[in-house]
Amino acid sequence: MLVGGLTLHLLICRLFKIEYGYMILSIVGCIVGGPTASLTAAANWKSLIDSGLILGVLAGAVGNYVGIAVAYFTKFLVGG
């Protein structure tokens, strides 16, 4: 699941020509969370610290509901 999600993330970023810094911060924000994305930005891209935190918080908020929706959809497909 992690490899598939990472691959999809990289393909979407490549398709929309998203800058390298934003791509790394969004991946870190989605997988680990906002504070870690901010720390990653602080180490490499000082101007992206706020963006990293916002990306992480949004990924956590939206990701929970998307995960629940996928679980219910999978349950519906299986018939359980």
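Please read these numbers as outputs of a predicted model, since none were measured by experiment.

Colleague: Tell me about helix α3 (residues 34-44), residues and numbers included.
Modeller: Every buried residue of α3 is accounted for by G34, A37, S38, T40 and A41. One side of α3 holds all its buried residues, which, seen down the axis, span an arc of 160°. Relative to its buried face, α3 has exposed residues pointing more than 90 degrees away, namely P35, L39 and A43. Where α3 is buried, its residues touch α2 (20-31) and α4 (49-78).

Colleague: I'd love a proper account of the packing of aromatic side chains, names of residues and values included.
Modeller: With the rule as written, the count across this model stands at one aromatic pair. Residues Y20 and W45 carry aromatic rings whose centres are separated by 6.0 Å and whose planes lie at 75° to one another, so their mutual orientation is edge-to-face. Of this pair, Y20 sits in helix α2 while W45 is found in the loop between α3 and α4, placing the two residues 25 residues apart along the sequence. For Y20, a relative accessible area of 55% corresponds to the exposed category. Note on W45: relative accessible area 22%, which makes it partly exposed.

Colleague: How would you explain a nonpolar patch on the surface if you had to name every residue and give the values?
Modeller: On the surface, a nonpolar cluster with roughly 670 Å² of combined accessible area is contributed by L8, I12, L15, F16, I18, Y22 and L55. Residue contributions to the nonpolar patch peak at three residues, all from helix α1 (residues 2-15). Looking at the secondary structure, you find F16 in the loop between α1 and α2.

Quick notes on the rules
- Residues numbered from 1 in each chain as written.
- Predicted model: local features only at pLDDT ≥ 70, side-chain atom pairs only at ≥ 80, totals over all residues.
- Heavy atoms only, no water.
- Buried < 20%, exposed > 50% of the residue type's maximum accessible area, 1.4 Å probe, protein only.
- Helix = DSSP H or I, 4+ residues; strand = E, 2+ residues; numbered from the N terminus.
- Arc of directions from axis to C-beta.
- Contact = heavy atoms within 4.5 Å.
- Phe/Tyr/Trp six-rings, centres within 6.5 Å; stacked < 30°, edge-to-face > 60°.
- Patch = residues over 30% accessible without salt bridge, like charges linked within 9 Å, V, L, I, M, F, W, Y side chains within 5 Å.
- Areas by Shrake-Rupley, 256 points an atom, 1.4 Å probe, with all protein chains shown as cover.
- Salt bridge = Lys/Arg side-chain N within 4 Å of Asp/Glu carboxyl O.

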